[in-house]
Amino acid sequence: MIEIKNIYKSFEGRDVLKDISAVFEKGKTNLIIGQSGSGKTVLLKSVVGLFDIDKGEILFDGRDTLIMDFQEQKLLRQEIGMVFQNGALFDSLTVEENVRFPMDMFTTMTMKEKVMRLNFCLDRVNIKESNHLYPSEISGGMRKRVAIARAIALNPKYLFCDEPNSGLDPVTSILIDALIKEITSEFDITTIINTHDMNSVMEIGDNILFISEGQKCWEGNSSQIFNTRNKKLNAFVFASPFSKKFREIKQMEDDE
Amino acid sequence: MNIFYHIGQYFLLMVRVFKKPEKNSIYIRQLILEIEKLGINSIGIVAVISVFMGGIITLQLTYNMVNPLMPSYIIGLGNRDTLILEFSSTVLSLMLAGKVGSNIASELGSMRITEQIDSMEIMGVNSASYLILPKIIAVVFISPFLFIISVFCGLVGGLITGPLSGVVTIATYLTGITTLFVPFYVSFSIIKTLVFGFLIASVPAYMGYFVQGGALEVGRASTKAVVNTSILILFFDLVLTQLLFK
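Residues numbered from 1 in each chain as written. Chains lettered and ligands numbered in written order. Predicted model: local features only at pLDDT ≥ 70, side-chain atom pairs only at ≥ 80, totals over all residues.

> I'm lost on the overall build of chain A in this one. Help?
From N to C terminus, chain A includes 9 helices and 10 strands. For chain A, the C-alpha radius of gyration of 19 Å lies close to 18 Å, the compact-globule estimate for 256 residues. Its C-alpha atoms put chain A at 60 × 40 × 30 Å along the principal axes. In chain A, the share of contacts with a sequence separation of at least 24, taken over all contacts with a separation of at least 6, comes to 67%. (Helix = DSSP H or I, 4+ residues; strand = E, 2+ residues; numbered from the N terminus. Rg over C-alpha atoms; globule rule 2.2 N^0.38 Å. Contact = placed C-beta atoms within 7 Å.)

Here you go:
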């Protein structure tokens, strides 16, 4: 479980995060949603420690990251897997080397054990016969899947995904969502996903945190989102005519 | 004040770079790759430029220095000392600042903007050390070898053009390059190449590592890296010459 308490973050005097508190539970897919520029990525990067927060607390299973020394932070980071918006695979390494990288760096596994784990991770994300290709030689969807395989290589306790569906077609997006959801429950990890993909919100949103202009505006799950009276959230979620229509049908079904 | 910010930031980065590596075996593998990429792959261009420069220096000496009062072996001697003292150490380093420096800055800059460096940090890898330390060691290690190759190729260049000019014979040229040899000149230049090697790798690494923005900023960082490294090489050339020749 990850708990954040009263987080504040500013850049050059501009407040980006204002008093955000939330609990992200283990074994659930926790979504952070909001418009572009609302502070989602800053929040995610603050939680993983890429940005230092100005004020507040971040607790990973009760461990306060702000009072950890360098070594403790380093150990905690080995429990974290992260999938970046564009995969962030290392260009100079092949698919296989990318997934093996954390194992090479932090474990004393034998080559045989590493290969077994590598094959398991690649099978899990359904990557076949691409081990020796470089990131530039594979598709966007495959890159995301390889990034997920790399993120789970060390059996992480926490998985962070920054807009895992951006730039993907709807079919691949659904596959990536389903994969993240499966991995979360299969390995019982705490997953936090940054997204503005409404399909993800509906399909995998166990717990949804909506932020607007750096502030928490709403928290709930995917079924509660249809009945909310929060104006900002409604404006965001039901922005397109398609989603408005979808809500009407859903509400009619519920009334019946 | 901006310059002090950059100097401070540069030294803080160097502190991170020289922290104990996570796993020596991986760093050694990286080091070998960097020696090949940054050093071995530069041998060709170093050799070509040195042959031409050696030839040109010899021709300039032939046309400008030779008169009945001067022995003609001075051409070989002049070419040798010019190569050892300045060309193969300083001018070659300026050339490497362009080739190697822009390569390092653009590689790290691209890794920064595509979040590859962030992804290493999240794994718990000291990205500064993993990415920059092997480059610095590789360039510092290979620089003296490139210097020696450059001097040799420059002398060969002179050996080709000198006798062709008709002013100096092969025997006189060879006498020139073996006359009044001062071994300290070589030590002095190797010290310079070590310092320049450190600058060639570390300054562009600093410029690339802290890039913010997109492809345009990576290009700018690469250009700035070459310009700043070149200025620093010339500055340290001045300082080292003053210190070591005193």
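> Any chance you could explain the interface of chain B and chain A here in plain terms?
Counting residues at the interface gives 13 residues for chain B, matched by 15 residues for chain A. Tallied by class, residues from the side of chain B that touches chain A come to 4 nonpolar, 4 polar and 5 charged. (Nonpolar A, V, L, I, M, F, W, Y, C, P; charged D, E, K, R; others polar.)

> Looking at this model, I keep getting lost on the pairing of strand β7 (residues 158-162) of chain A. Mind explaining?
Looking down a regular strand, the side chains alternate between one sheet face and the other. All names here are of chain A. Across the 5 residues of β7, 5 count as buried, placing the element largely inside the fold. Side chains Y158, F160 and D162 project from β7 onto one buried face, and the interleaved L159 and C161 project onto a second face that is buried too. Direction of pairing for strand β6 (residues 80-83) relative to β7: parallel, over a ladder of 4 bridges. Bridged to I80 within β7 is Y158. Here 5 bridges tie β7 to strand β8 (residues 190-195), and the two strands are oriented parallel to one another. Across the sheet, the residue bridging to C161 is I193, located in β8. In this region the chain leaves β7, passes through helix α6 (residues 170-187) and returns to the parallel neighbour β8; the handedness of that crossover is right-handed. (Buried ≥ 20, exposed ≤ 12 C-beta atoms within 10 Å, placed from the backbone. Pairing = 2+ DSSP bridges. Right-handed = clockwise from strand over helix to strand, strands pointing away.)

> Which parts of the structure should I look at to understand the nonpolar core?
Here is a general trend for soluble globular proteins: nonpolar side chains tend to be buried in one another's company. Core analysis: the biggest nonpolar cluster contains 117 residues, and A149(A), F160(A) and V139(B) have the highest contact counts within it. Element by element, the count of residues in this core is highest for helix α6 (residues 127-165) of chain B, at 14 residues. (Core = buried A, V, L, I, M, F, W, Y, C linked by C-beta atoms within 7 Å.)

> Got a minute to help me understand helix α1 (residues 40-48) of chain A in this structure?
An α-helix turns once per 3.6 residues; consequently, residues spaced three or four apart project the same way. Burial of α1(A) is extensive: 8 of the 9 residues sit out of reach of the surface. Phi for G49(A), located one or two positions after α1(A), is positive at around 95°.

> What's the story with unusual backbone geometry in this structure? I'm lost.
Glycine aside, the phi torsion of most residues is negative, and most peptide linkages are trans. All names here are of chain A. In this structure, E12 is a non-glycine residue whose phi angle is positive, near 50°. The backbone of D61 sits at a positive phi, close to 50°, despite the residue not being glycine. D61 gets classed as partly exposed once you count the C-beta atoms within 10 Å, which come to 13.

> Before we go on, may I ask you to explain the sheet that holds strand β4 (residues 55-60) of chain A in this structure?
Where strands meet in a sheet, backbone hydrogen bonds hold them as pairs that are either parallel or antiparallel. Residue and element names in this part refer to chain A. Judged by pairing direction, the sheet is antiparallel, and its 4 strands sit side by side in the order β2-β1-β4-β5 without closing on themselves. Each edge of the open sheet is held by one strand with a lone partner, namely β2 (14-24) and β5 (63-64). Judged from the 2 bridges that link them, β4 and β5 form a sheet pairing that is antiparallel. Pairing of L59 across the sheet is with D64, part of β5.

> Would you take a moment to explain the sheet that holds strand β9 (residues 207-212) of chain A for this structure?
Residues and elements named next belong to chain A. Taken in spatial order, the 6 strands line up as β6-β7-β8-β3-β9-β10 in an open sheet, and their pairing is mixed. Every interior strand has two partners, whereas the edge strands, β6 and β10 (215-220), have only one. If you compare each strand with its neighbour and ignore which way they point, the axes differ by 15° on average. Its contacts with the sheet place helix α5 (residues 140-151) against β6 and β7, and it is angled at close to 175° to β6. (Axes fitted to C-alpha atoms, helices over the stretch in contact; angles between N-to-C directions.)

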